[in-house]
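A look at the structure
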Amino acid sequence: KLVWEDVTSTYKLSRGELPLDVSAFERHLGGFCFGHTVTQQDSRQKVGTLRFVLERPPMEPWPSTGKLFLLALDDQDSHWKSLRAAWNASEGLKKLRFANTVKEIDMEQCSNLTARALLIDIAITEKFYRHWHLVLVARDLPASGNNRTMLRYVIVGFQALSSWGEGVFTPSVCPK
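Residues numbered from 1 in each chain as written. Predicted model: local features only at pLDDT ≥ 70, side-chain atom pairs only at ≥ 80, totals over all residues. Heavy atoms only, no water.

Glancing now at the packing of aromatic side chains. Tallying each qualifying case throughout the model produces 5 aromatic pairs. For the ring pair Phe52 and Tyr153, a centre distance of 6.4 Å and an interplane angle of 20° mean the geometry is stacked. With Phe52 in strand S3 (residues 46-55) and Tyr153 in strand S8 (residues 150-158), the pair connects residues that are 101 residues apart, well separated along the chain. By relative accessible area, Phe52 is classed as buried at 1%. Relative accessible area serves as the criterion here: at 1%, Tyr153 is assigned to the buried category. With a centroid separation of 5.3 Å and 75° between ring planes, the pair formed by Trp80 and Phe169 is classed as edge-to-face. One end of the pair, Trp80, is in helix H1 (residues 77-85); the other, Phe169, is in the segment after strand S9 (162-164), with 89 residues separating them in the sequence. Overall, the relative accessible area of 1% leaves Trp80 in the buried class. Take Phe169: its relative accessible area is 22%, and that puts it in the partly exposed class. A network of ring pairs unites the aromatic residues Trp80, Trp87 and Phe169 as a single cluster. A cation over a ring is seen here: Arg27 above Phe25, with NZ or CZ 5.9 Å from the ring centre. (Phe/Tyr/Trp six-rings, centres within 6.5 Å; stacked < 30°, edge-to-face > 60°. Helix = DSSP H or I, 4+ residues; strand = E, 2+ residues; numbered from the N terminus. Buried < 20%, exposed > 50% of the residue type's maximum accessible area, 1.4 Å probe, protein only. Lys NZ or Arg CZ within 6 Å of the ring centre and 35° of its normal.)

Shown next as structure tokens:
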């Protein structure tokens, strides 16, 4: 069992698979609503954590080349709303400019890892109730030609108030 298989209902989850039969893709993974700090003076206090876990299939190596970029975007006009408006018009790497946070995974550096899972945490500090979206951009992966070879991912929102899945660009209002 991996870390996320025993989480309780206080955490919000989203899961999916990423194909390795193409060398590039952009995928909206879903997201979470987070609360806010109690006072404006506590604006640097963490209110939650976004966790991204990437798992390779058993007995399969990690891709040997390419890069994955994990983007975290809050719902402000200059971040998610701008990216959503330009989603079909902007090529993958141009999407990075809209993100609050970008985490790069260089697959060449991971190619010799024996671990089956990579874990990335992003701390959320917030003054308001906000939606946070996760987008994954892949470039220069070695296309396997085998559409059965997939990487699995799980995203977890610790202390999240709600969640939505892949491709939901306009989620419902954050609960308060």
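Moving on, we come to the pattern of salt bridges. According to the stated counting rule, one finds 10 salt bridges in the structure shown. In this structure, the salt-bridge partner of Asp121 is Arg51, at a minimum N-O distance of 2.7 Å. Here Asp121 is found in strand S6 (residues 117-125), whereas its partner Arg51 is found in strand S3, with 70 residues between them in sequence. By relative accessible area, which is 34% here, Asp121 ends up partly exposed. Between Glu104 and Lys67 there is a salt bridge whose closest N-O contact spans 3.0 Å. In this pair, Glu104 is assigned in strand S5 (residues 101-106) and Lys67 in strand S4 (residues 67-74), connecting sequence segments 37 residues apart. (Salt bridge = Lys/Arg side-chain N within 4 Å of Asp/Glu carboxyl O.)

Before going further, it helps to spend a moment on the environment of Val135. With respect to the helices, strands and loops of the structure, Val135 is situated in strand S7 (residues 130-139). For Val135, a relative accessible area of 0% puts it in the buried group. Val135 sits 64 residues away from Leu71 along the chain, and the two C-alpha atoms are 5.0 Å apart. Discounting residues that sit within four places of it in the chain, Val135 has contacts with Arg27, His28, Phe69, Leu70, Leu71, Leu73, Trp80, Leu83 and Trp87. (Contact = heavy atoms within 4.5 Å.)

A few words on the sheet that holds S5. Sheet strands pair by backbone hydrogen bonding; their relative direction is either parallel or antiparallel. The strand order S5-S4-S7-S2-S9 describes an open sheet built from 5 strands, whose pairing is antiparallel. Bordering the open sheet on either side are S5 and S9, each of which pairs with just one other strand. Adjacent strand axes in the sheet meet at a mean angle of 15° when their direction is disregarded. Note: S4 against S7, 8 bridges, orientation antiparallel. Paired with Phe69 across the strands is Val137, a residue of S7. (Pairing = 2+ DSSP bridges. Axes fitted to C-alpha atoms, helices over the stretch in contact; angles between N-to-C directions.)

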